[in-house]
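Next come the chains, spelled out residue by residue.
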Amino acid sequence: MTENITVLHVGESLYEKIARFEFKNDIRYILLSINIAIALMGITTNIFNLIVFAKLGFKESINISLFGLAGADLGVCFTTLVCNVGELPIVVDYFFHTFKINTTEVVYVSFTLLHGHFISITMLHTASVSFERCLCVTIPLKVKHIFTPGRVKLMVILWYVVGAINAILTYSINRLGYKFYPELNMTLLGYTVTENHDLVNTWLTPLYILFFIVFLFSIIVVSTILLITNLKKNMSWRSNLKTTSNDPSNKEKRVVKLVAIISSLFVICYLPHISMFIPLVFLPGFSLDGELSQMVYLIGYLIFALETINSSVNMFVYYGNSSAYKDMFLKIFNNKIPEQDRKMMGKKS
């Protein structure tokens, strides 16, 4: 006779309860599917953004900044797509049996690390455009002479150069290579590190946290608060003023509103990502190979989703808050829309 034994965890701490958490495959597949769907949408919307801003031209600094941001967001969405497709069991099994590849490790080195660098570039662009608009509100007469289109172009290029340098440093210590897996008794292509990996990581990681996590995120948060505060002040008296859609001040306010929405979305979507560094630093076992690894994986998938959402929805923000973007978007894709729908859009706009 078999007895059913119930294990009671009496006096168990919160840490021990989290450590017992099991990340079920069903939940993983659902999250993978969601991330893949969001990434596909993001790739599409950012291609549209690049086309529209290229057609609008680069005479205005805001168009240059948002074009650069769209490129970084496209990179975030593409790497999200590959990373999540690479986690699908059918893909893992195919590459394992056909090419003798540890797909998870190869995807990590090739695309997950690259994903982080595109996030860094996105953060740089968001910080610069929010800071620029913040200065436009506080010192409007001087800022146009500081952030000229030529200087903003150089700034956009510089952010990609910084991202490239960051990537070069990372890939100098993280490599792909063949290694022996005792549990499988096989040699596979997987993740390897150089001899100086730990030494370089001891100063590279703190620099990343201080600059990208603390400094840039603080700039975005402070600039966003100032922009929202300014918008609220303007709302109290703006309705009493009779301004046309072509009025320069009205146009500037719409740009400020657009940037404030973009920055706010960034703060909301990246707050879990930023908060993740606190337990990583101070909580023992909170790592991919620690006691809390299952919880880390679950949070990681959710962070992937939020990051990709942030990089996917900007097109809708531009379309709803920029008449120039909307007009150019409809002009480019108008031939793809039936005549009846075009008339309806014309009435609504």
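Just so you know, these numbers come straight off a predicted model, no measurement behind them. (Residues numbered from 1 in each chain as written. Predicted model: local features only at pLDDT ≥ 70, side-chain atom pairs only at ≥ 80, totals over all residues. Heavy atoms only, no water.)

**Q** Before we go on, may I ask you to explain the overall build of the protein chain in this structure?
**A** Along the backbone of the protein chain there are 14 helices and two strands. As displayed, the protein chain offers around 19,900 Å² of accessible surface, 67% of which is attributable to carbon and sulfur atoms. (Helix = DSSP H or I, 4+ residues; strand = E, 2+ residues; numbered from the N terminus. Areas by Shrake-Rupley, 256 points an atom, 1.4 Å probe, with all protein chains shown as cover.)

**Q** Could you clarify how one ought to interpret the packing of aromatic side chains in this entry?
**A** Within a pair of aromatic rings, the relevant descriptors are the distance that separates the centres and the angle that separates the planes. This model, assessed by the stated rule, comprises 19 aromatic pairs. Aromatic side chains F58 and F67 sit 5.1 Å apart centroid to centroid with 70° between the ring planes, which places their arrangement in the edge-to-face category. Taken together, the ring pairs connect F48, F53, Y318, Y319, Y325, F329 and F333 into an aromatic cluster. (Phe/Tyr/Trp six-rings, centres within 6.5 Å; stacked < 30°, edge-to-face > 60°.)

**Q** Can you help me understand unusual backbone geometry in this one?
**A** Its identity as a non-glycine residue notwithstanding, K100 has a phi of 55°, on the positive side. Turning to its location among the elements, K100 is positioned in the loop between α4 (89-99) and α5 (103-138). Despite not being glycine, N185 has its phi angle at roughly 55°, a positive value. On the secondary structure map, N185 appears in the loop between β1 (174-181) and β2 (186-193).

**Q** What's the story with the pairing of β2 in this structure? I'm lost.
**A** One face of the sheet, then the other: side chains in a regular strand alternate in exactly this way. With eight bridges connecting them, β1 and β2 associate as antiparallel partners. Note on β2: the bridge partner recorded for G177 is G190. Count of turn residues in the β1/β2 antiparallel hairpin: four residues, of which N185 carries a positive phi of about 55°. (Pairing = 2+ DSSP bridges.)

**Q** I tried to follow a nonpolar patch on the surface on my own but got confused; where do I start?
**A** A surface patch of nonpolar side chains, amounting to about 750 Å² of accessible area, comprises L154, I157, L158, V161, I165, L169, W203 and L207. Taken together, the elements giving at least two residues each to the nonpolar patch come down to α7 (149-171) and α8 (197-238). Looking at which element gives the most residues to the nonpolar patch, the answer is α7, with six residues. Here L207 is to be found in helix α8. (Patch = residues over 30% accessible without salt bridge, like charges linked within 9 Å, V, L, I, M, F, W, Y side chains within 5 Å. Salt bridge = Lys/Arg side-chain N within 4 Å of Asp/Glu carboxyl O.)

**Q** Could you clarify how one ought to interpret the packing of α5 against α7 in this entry?
**A** For any two helices packed against each other, one specifies the crossing angle of their axes together with the interaxial distance. Contact geometry of α5 with α7 gives a least axis separation of 9 Å together with a crossing angle of 150°. Judged by the angle between their axes, α5 and α7 are roughly antiparallel. In this structure, α5 meets α7 at a crossing whose hand is right-handed. Across the interface between the two elements, V109, S110, L113, L114, H117, S120, I121, L124, H125 and S128 from α5 touch M155, V156, W159, Y160, V162, G163, N166, A167, T170 and Y171 from α7. Taken together, the residues of the contact of α5 with α7 sort by class into twelve nonpolar, eight polar and no charged. (Axes fitted to C-alpha atoms, helices over the stretch in contact; angles between N-to-C directions. Parallel < 35°, antiparallel > 145°, perpendicular 65-115°, else oblique. Left-handed = near helix turned anticlockwise from the far one by under 90°. Contact = heavy atoms within 4.5 Å. Nonpolar A, V, L, I, M, F, W, Y, C, P; charged D, E, K, R; others polar.)

**Q** Could you clarify how one ought to interpret the side chain of S312 in this entry?
**A** Positionally, S312 belongs in helix α11 (residues 293-312). Judged by its relative accessible area of 1%, S312 is buried. For S312, the side chain forms a polar contact with the main-chain oxygen of I38, separated by 3.4 Å. Not counting residues up to four positions away in its chain, the partners in contact with S312 are I38, M41, G42, T45 and C77. (Buried < 20%, exposed > 50% of the residue type's maximum accessible area, 1.4 Å probe, protein only. Polar contact = N/O pair within 3.5 Å; in protein donor to acceptor, adjacent residues only side chain to side chain.)

**Q** Where do I start with the environment of R133 in this structure?
**A** As for its position among the elements, R133 is in helix α5. Taking the C-alpha atoms as reference points, R133 and V256, 123 residues apart in sequence, are found 6.2 Å from one another. Filtering out sequence-adjacent residues up to four positions away, R133 remains in contact with S61, I62, L227, E252, V255 and V259.

**Q** So what exactly am I meant to see when it comes to the pattern of salt bridges here?
**A** When their charged atoms lie close together, side chains carrying opposite charge are able to pair. This model, assessed by the stated rule, comprises two salt bridges. The partner of K179 in a salt bridge is E105, with the nearest N and O atoms 3.4 Å apart. Of the two residues, K179 is situated in strand β1 and E105 in helix α5; the sequence distance between them amounts to 74 residues. The exposure class assigned to K179 is partly exposed, which follows from its relative accessible area of 26%. Across the pair E132 and R133 runs a salt bridge whose closest N-O atoms are separated by 3.2 Å.

**Q** Which parts of the structure should I look at to understand the confidence of the model for the protein chain?
**A** The predicted coordinates of low-pLDDT regions are not to be read in fine detail. Here the protein chain averages 84 in pLDDT, while 84% of its residues score no lower than 70. For the protein chain, the element scoring lowest by mean pLDDT is helix α1 (residues 14-19), at 50; helix α3 (residues 61-85) scores highest, at 96. Low pLDDT (under 50) marks residues 1-10, which in the prediction has one contact with non-local residues, meaning those over four places away or in another chain. Throughout residues 345-349 the model reports pLDDT below 50, and contacts reaching past four residues in sequence, or to other chains, amount to three contacts. (pLDDT = per-residue confidence, 0-100.)

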